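Secondary and tertiary structure notes
Below are the chains, spelled out letter by letter.
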Amino acid sequence: MPELPEVETVRRQLAAVLPGRRIKGVDVRLARILRNIAPEALQERIIGRRFTGVDRRGKFLILHLDDGARLIVHLRMTGRMTVARAGDPEWPYTRVVVSLDGGSELRFSDVRTFGTWHYAGDTGGEPPGLAAMGVEPLSDGFTPDTLAGVLAGRRAPVKAVLLDQRRIAGIGNIYADEALFRAGIDPARPAGSLSAEEVTRLHEKIREVLQASLEKGGTTVRDYVNGRGVPGEFQKYLEVYGRAGQPCRRCGTQLVKRKVAGRGTHVCPRCQR
DNA sequence: ATAGCGCCCTGGTGGC
DNA sequence: TGCCACCAGGGCGCTA
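Going along each chain's sequence as written, the residues are numbered from 1 onward. Chain letters start at A and ligand numbers start at 1, both assigned in the order the entries are written. Local features in this predicted model are restricted to residues whose pLDDT is 70 or higher, and side-chain atom pairs enter the listing and the counts only when it is 80 or higher, whereas totals over whole chains, interfaces and linings include all residues. Excluding hydrogens and water, the side-chain values take into account all heavy atoms of the structure.

**Concerning the protein's contact with DNA strand C**
Operational definition: A cutoff of 4 Å decides nearness: a residue is near a molecule or strand if any of its heavy atoms lies inside that distance of it. Here a polar contact means two N or O atoms within 3.5 Å. Within protein one must be a hydrogen donor candidate and the other an acceptor candidate, and residues neighboring in sequence count only if both atoms are side-chain atoms. Per the convention used, a helix needs a DSSP run of H or I reaching at least four residues, while a strand needs a run of E reaching at least two, with both numbered from the N terminus.
Taken together, 16 residues sit near DNA strand C, with His74, Arg112, Phe114, Lys257 and Arg263 positioned nearest. Measuring from a phosphate oxygen of DNA strand C, one finds a side-chain N or O atom of tyrosine 241 at 2.7 Å. Measuring from a phosphate oxygen of DNA strand C, one finds a side-chain N or O atom of lysine 259 at 3.5 Å. For the surface near DNA strand C, the elements supplying multiple residues, two or more each, are helix 3 (128-131), strand 9 (256-260) and strand 10 (263-267).

Structure below.
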C-alpha cells in the first residue's frame, strides 16, 4: 500500500519529468476514478496546459498546471502512477492516461479502483481530507512535543492515532506497525497512556523507519511500483509487517497478527509492551 | 469532540 | 481439483 515513502518516491520521479510537458490528450477509461469532474470536462480544462511541478501532502500527489489548477491524486491501495513512452506496454487495469508532448504518457492504473483523482481549479475542488491533513512526520515541524500533543488525552489505541491523517500525515498500516515495533510499544495501548520517554522513542522510530524506507524506494508487498514502474526494496527490511508466525529478529518469539483499530496488526508479544 | 464500524472494490488465498 | 468465503485496507460517512 502506498504510504508516505512510496508516494514521495513517485513524487520525486514525476517531478523530474513532468514539469514543462504539455498535455495533448486525456483518456479516462473508468470515469468514477474522477471524483469531482466528468471526463469531458477534465479534457476541456487540462488539454493544452503544461505541468509546472509536483508536490506531496500526506499520501496525496499534487500535480500543478500552468493555469494554477491542480490534479490531486490518491493511490489508495493498488494505484500506480507511472510515466512511460507512448506505445510501451501498459499495466493491466489502466484507468487514466494523460498523453504528453514529446511522446510520453502519464498513466494511472488501479486494480481495485479505490484510487481517486480530483481536479482543483480556482473554485476549489480539493478532496476533503487534504485541507485537514496533519503534520508531515519528516518535516522540522514534527518534534517529540508535536507527537506528545497528538497523543495526549486520547483513549483510542496509539495505532489508531498514528493512522489518523488529520493528526499525522502519510503513515499507513505498514509503517504504523513497524514504528511501534521499533519503539517497543503495544499498538493497542491507549494513546494517552504513553510515558514521555515512550513518546520520544516513538517519534524517533517513526522518522527512522519512514526515512529508511524512502532511501530504499519504499515497500512493495504486492502492487506498489514507483513512477518508472519499478518495485521498492524496503520489504526486505520489515520487522513485523507480513511476518506473523515467524520469529522476532530481536528475541526469537513468534510474531502474531491481531486486529487493532480495525486493521490487521503485526506485533512481537514480548518486545512490545 | 471522540471512537468505532461498515462500505467501497477485486484478486489472491486458504479451507473443505 | 474445484469452489467459495474471506481477507487485504485508506478514507469517508454514519452512529452513539
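**With respect to the protein's contact with DNA strand B**
Neighbouring DNA strand B are Arg32, Tyr93, Val111, Arg112, Thr113, Phe114, Arg154, Arg155, Ala156, Pro157, Arg167 and Arg222. Near the protein, meaning within 4 Å, the atoms of DNA strand B are sugar or phosphate in a fraction of 73%, with bases accounting for the rest. One of the side-chain N or O atoms of arginine 112 is found 3.2 Å from a base oxygen in DNA strand B.

**So, the environment of alanine 132**
Relative to the assigned elements, alanine 132 resides in the loop between helix 3 and helix 4 (144-151). Expressed as a C-alpha distance, the spacing of alanine 132 and lysine 216, which sit 84 residues apart in the sequence, is 29 Å.

**Points about the sheet that holds strand 6 (residues 94-100)**
We apply this condition: The pairing criterion is simple: DSSP has to find at least two bridges between the two strands. Every axis in this analysis is a line fitted to C-alpha atoms, fitted for helices over the stretch in contact. Angles between the N-to-C directions lie between 0 and 180 degrees.
One open sheet holds the 4 strands; their spatial order is 1-6-7-5, and the pairing between them is antiparallel. Across the chains shown, the open sheet's two edge strands, defined by having one partner strand only, are strand 1 (23-28) and strand 5 (79-85). Strand-to-strand, the axes of this sheet are offset by a mean angle of 15 degrees, without reference to chain direction. Two strands pair when backbone bridges link them, and strand 5 and strand 7 (residues 104-110) are joined in this way by 7 bridges, in the antiparallel orientation.

**Points about the sheet that holds strand 4 (residues 70-74)**
The criterion, for reference: Between two residues, a contact is recorded if the distance between any of their heavy atoms is within 4.5 Å.
One open sheet holds the 4 strands; their spatial order is 2-3-4-8, and the pairing between them is antiparallel. The sheet terminates laterally at strand 2 (51-57) and strand 8 (116-120), the two strands that pair on one side only. Strand-to-strand twist of the sheet, defined as the mean angle between neighbouring strand axes without regard to direction, takes the value 20 degrees. In the sheet, strand 2 pairs with strand 3 (residues 60-65) via 6 bridges, with the strands oriented antiparallel. By the bridge assignment, phenylalanine 51 is partnered in strand 3 with leucine 65. Contacting strand 2 and strand 3, helix 1 (residues 4-17) runs over the sheet at an angle of about 170 degrees to strand 2. Contacts between helix 2 (residues 39-46) and the sheet are confined to strand 3, strand 4 and strand 8, with strand 8 contributing the most and set at about 50 degrees to the helix.

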